Amino acid sequence: MITVLSGGVGAARLLRALSGEIDPGEITAVVNVGDDLVLHGLTICPDLDTITYTLAGLNNDQLGWGLAGETWRVMDELAELEGASWFRLGDRDLATHLYRSQRLSEGATKTDVARELCQRWGVRVSLLPVTDDEIATVFDTEIGALSFQEYFVRHRHDVVVRGITVQGVAESSPTIEVLRALEESSRIVIAPSNPLISIDPILQVPGVREILHARRDDVVAVSPLINGAALKGPADRLLVELGHEATCVGVADFYHEVMGTFIIDEVDAHHAAQIESRGVNVRVTTAIMAAPDDARRLARAVLA
Ligand code: GDP
Ligand code: CA
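Reading the values: the criteria
Residues numbered from 1 in each chain as written. Chains lettered and ligands numbered in written order. Predicted model: local features only at pLDDT ≥ 70, side-chain atom pairs only at ≥ 80, totals over all residues. Heavy atoms only, no water. Phe/Tyr/Trp six-rings, centres within 6.5 Å; stacked < 30°, edge-to-face > 60°. Helix = DSSP H or I, 4+ residues; strand = E, 2+ residues; numbered from the N terminus. Buried < 20%, exposed > 50% of the residue type's maximum accessible area, 1.4 Å probe, protein only. Axes fitted to C-alpha atoms, helices over the stretch in contact; angles between N-to-C directions. Left-handed = near helix turned anticlockwise from the far one by under 90°. Contact = heavy atoms within 4.5 Å. Nonpolar A, V, L, I, M, F, W, Y, C, P; charged D, E, K, R; others polar. Near = heavy atom within 4 Å. Polar contact = N/O pair within 3.5 Å; in protein donor to acceptor, adjacent residues only side chain to side chain. Areas by Shrake-Rupley, 256 points an atom, 1.4 Å probe, with all protein chains shown as cover. Pairing = 2+ DSSP bridges. Core = buried A, V, L, I, M, F, W, Y, C linked by side-chain atoms within 4.5 Å. Expected span 1.5 Å × (residues − 1). Arc of directions from axis to C-beta.

Participant: How should I be thinking about the packing of aromatic side chains in this particular structure?
Facilitator: Geometrically, a pair of aromatic rings is defined through the distance of the ring centres and the angle of the planes. Within the structure shown, the criterion is met by 8 aromatic pairs. With a centroid separation of 5.6 Å and 85 degrees between ring planes, the pair formed by Tyr53 and Trp121 is classed as edge-to-face. Here the residue Tyr53 occupies a position in helix H2 (residues 46–55), and Trp121 occupies one in helix H5 (residues 110–121), the gap between them amounting to 68 residues. Among the residues examined, Tyr53 registers a relative accessible area of 2% and is labelled buried. A relative accessible area of 31% means that Trp121 is categorised as partly exposed. Ring geometry for Phe148 and Phe152: centres 5.3 Å apart, planes at 15 degrees, overall stacked. With Phe148 and Phe152 both in helix H6 (residues 148–154), this residue pair falls 4 residues apart, about one helical turn. The exposure class of Phe148 is buried, given its relative accessible area of 6%. By relative accessible area, which is 25% here, Phe152 ends up partly exposed. An aromatic cluster is present here, built from Phe139, Phe148, Tyr151 and Phe152 joined pairwise through their rings.

This is the structure we're talking about:
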């Protein structure tokens, strides 16, 4: 059994590649819920949904988020009404949020809903929200406090960030299923997700960082930064704005207490000695998953 700390797109790609190498039933993803929001009265869990859609083969590759073959009739009508249409929810995607919101109102947990949605779509990887409690990542920016999606979508992560806090996290607890997965899996993987806004909110849930720290030798992380840049999103920029180095070395410094092995891309091989001086083993391989062969090679390195 392996457990993968997961954000959205970067994690979804790695989980898909891992599913090609081992039985998906042996993979558990512990997923960030700091990006979750309530909009139009609906509870939306972007990272859980991104992973579910990708593993079901239903992801929209053109957009990079949402469902394939999407239509936008509801959003078009909402825009006519001058409603909150800046956060785009496709017609098919809306069914997911309607389903989840109804089940939550009946007393189900996010964990229950994630399991039910995976069953419907035949996804055999076990997707576990890190907590069933409400947590929310907020940004202190040059234009004031912004919620996650205000920062990410409305402002297209193009404002200067001074700090990030995860509201409610100190009072949250990991679910029993999450604790069991982290304690019982033979290996823990940190996906190539955004360290500051996808992985850190998971590590901040009380108890999670402590388990990884204690199991450091069994933890392998994949760098989301290649040649000093994120393949997508603001990871590089945020690292700089919050005082870290925007290279795989900066990511290694951020994770060094909770990982024993770090996988970096071939173009970053010259950083290996510096990372090893932090007491972390380094593996060098192709870390970009765009081509299926490369994704397979990376998955094998993670499992090796
Ligand atoms: P989000 O929640 O959808 O923004 O996604 P994540 O936090 O999971 O992923 C964003 C990160 O994934 C970015 O920092 C990217 O650099 C990284 N990423 C995306 N694709 C790849 C890939 O093929 N290889 C690696 N190493 N990182 C990737
Ligand atoms: Ca996300």
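That shown, we press on.
Participant: Looking at this structure, how should I read the packing of helix H1 (residues 9–19) against H2?
Facilitator: Relative orientation and spacing of two packed helices are given, respectively, by the angle between their axes and the distance between those axes. At a minimum axis distance of 9 Å, the contact between H1 and H2 shows a crossing angle of 35 degrees. The handedness of the crossing between H1 and H2 is right-handed. Contact residues: Val9, Ala11, Ala12, Leu15, Arg16 and Ser19 in H1; Thr50, Ile51, Thr54 and Leu55 in H2. Looking at the contact of H1 with H2 residue by residue, the classes come out as 6 nonpolar, 3 polar and 1 charged.

Participant: In this structure, what is going on with the site of ligand 1? I would like to understand it.
Facilitator: In the vicinity of ligand 1, 22 residues are found, and the nearest of them are Ser193, Ser198, Pro224, Leu231 and Ala287. The backbone of Val9 places a nitrogen or oxygen atom 2.9 Å from an oxygen atom of ligand 1. Here an oxygen atom of ligand 1 and a side-chain polar atom of Ser193 are 2.6 Å apart. For ligand 1, whose accessible area on its own is 600 Å², the fraction buried by protein is 95%. The greatest single-element share of the shell around ligand 1, amounting to 4 residues, is contributed by H1.

Participant: What exactly am I supposed to notice about the sheet that holds strand S1 (residues 2–6) here?
Facilitator: What holds strands together in a sheet is hydrogen bonding between their backbones, with the strands either parallel or antiparallel. Across the sheet, which stays open at both edges, the 7 strands sit in the order S5-S2-S1-S9-S10-S13-S14 with parallel pairing between neighbours. Each edge of the open sheet is held by one strand with a lone partner, namely strand S5 (126–129) and strand S14 (281–285). For this sheet, the mean angle separating the axes of adjacent strands, direction not counted, is 25 degrees. Strands in contact with H2 are S1, strand S2 (27–31) and S5; relative to S5, the strand with the most contacts, it is inclined by about 175 degrees.

Participant: Explain the nonpolar core to me, please; I cannot follow it from the model alone.
Facilitator: Membership of the largest hydrophobic core comes to 79 residues, with the highest contact counts inside it found for Leu5, Leu14, Ile190, Leu212, Tyr255, Phe262 and Ile275. The element best represented in this core is H1, accounting for 6 residues. Apart from residues no more than four positions distant in its own chain, Leu212 is found in contact with Leu5, Leu182, Ile188, Ile190, Leu203, Val219 and Val258.

Participant: Please clarify how helix H4 (residues 91–105) should be interpreted in this entry.
Facilitator: Every α-helix carries 3.6 residues per turn, so stepping three or four residues along brings you back to the same face. Here H4 is 15 residues long and its end C-alpha atoms lie 21 Å apart, about the 21 Å a rise of 1.5 Å per residue gives. Among the residues of H4, those classed as buried are Asp93, Leu94, Thr96, His97, Arg100 and Ser101. Projected down its long axis, H4 carries its buried residues within an arc of 155 degrees, all on one side. Looking at the buried residues of H4, the elements they touch are strand S4 (42–44), H2, helix H3 (73–80) and H5. Positive phi appears at Gly107, one or two residues downstream of H4, with a value of about 105 degrees.

Participant: Would you mind going over the pairing of strand S9 (residues 187–190) with me for this structure?
Facilitator: Successive side chains on a regular strand alternate, one facing one side of the sheet and the next facing the other. Across 4 bridges, S1 lies against S9 in parallel orientation. The partner of Ile2 across the bridge, within S9, is Arg187. As defined by bridge partners, S9 adjoins strand S10 (residues 219–222) across 3 bridges and the pair is classed as parallel. Bridging from a neighbouring strand, Val189 pairs with Val220 of S10.

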